[in-house]
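Residues per chain, in single letters:
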Amino acid sequence: MTVKLIVIGKLKEDYLKSACAEYIKRLGRFCTFELHELEEYRLSDSPSDKEIAAALKKEGEQIKRCASGMIIPMCIEGKQLSSPELSEKLCEAGVNGFSTVTFIIGSSFGLDPEIKNMGTLKLSMSKMTFPHQLARVMLLEQIYRAFQISSGGKYHK
């Protein structure tokens, strides 16, 4: 299975880069992993709704060029799953003929509605709000945990 993570923007802090690198390395035991860091559209300090919508549309165009397989946009209105439930979804993806699962994390303004509608499953991490850079680490950890669960590993308790 190939797991893609499409994100808008690059990580800035070294500690977050290190955490992501560690989980990406661990995922190598279970899947082919691809990280696609896409350019964030720059907005004014006080953007209008129209400016935000235009930025999300431009970011969405970039995302569409990379996304494939089972598409899982991360969005606040998405479904919240437990770690075992995420593991089941990844297993079901393979059974349902998906050789690729693509997770998408948008910019601080979210994702274009068209990208959300492309999703096979819209996923939310929590009702709480997290910085997008931290969300990347958390999602990578949960994907790794999901593979550990499905393989009977001892990582998940």
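Numbering of residues begins from 1 in every chain and follows the order in which that chain's sequence is written. pLDDT decides what is reported in this predicted model: residues at 70 or higher carry local features, side-chain atom pairs at 80 or more are listed and counted, and totals for whole chains, interfaces and linings draw on all residues regardless. Derived side-chain values reflect all non-hydrogen atoms in the structure, with water molecules and hydrogen atoms excluded from consideration.

(A) Quick look at the overall build of the protein. Helix and strand counts for the protein come out as five helices and four strands. Listing every helix and strand of the protein by position from the N terminus yields β-α-β-α-β-α-β-α-α. Only C-alpha atoms enter the radius of gyration; for comparison, a globular chain is expected to reach 2.2 Å times N to the power 0.38, where N is the number of residues. Relative to a compact globule of 157 residues, whose C-alpha radius of gyration would be 15 Å, the protein shows 15 Å and is just as compact. The dimensions of the protein, computed from C-alpha atoms along their principal axes, are 50 × 35 × 30 Å. Relative accessible area decides the class of each residue, using a 1.4 Å probe on protein chains only: under 20% of the type maximum gives buried, over 50% gives exposed, and in between gives partly exposed. For the protein, with 157 residues in total, the buried portion stands at 42%. Contact definition: two residues touch when any of their heavy atoms are within 4.5 Å. The long-range share in the protein, meaning contacts at least 24 apart out of those at least 6 apart in sequence, stands at 84%. By element, 52% of the accessible surface of the protein is carried by carbon and sulfur atoms, the whole surface being about 8,600 Å². Helix and strand definitions here come from DSSP, where helices need a minimum of 4 consecutive H or I residues and strands a minimum of 2 consecutive E residues; each element is numbered from the N-terminal end. Methods summary: accessible areas were calculated by the Shrake-Rupley approach with a probe of 1.4 Å, and residue burial reflects only the protein chains presented.

(B) Looking closely at the environment of Glu114. Relative to the helices and strands, Glu114 is located in helix α4 (residues 113-118). C-alpha separation for the pair Glu114 and Lys57, spaced 57 residues apart in sequence, amounts to 8.3 Å. Excluding anything up to four places from it in sequence, Glu114 contacts Lys57 and Lys64.

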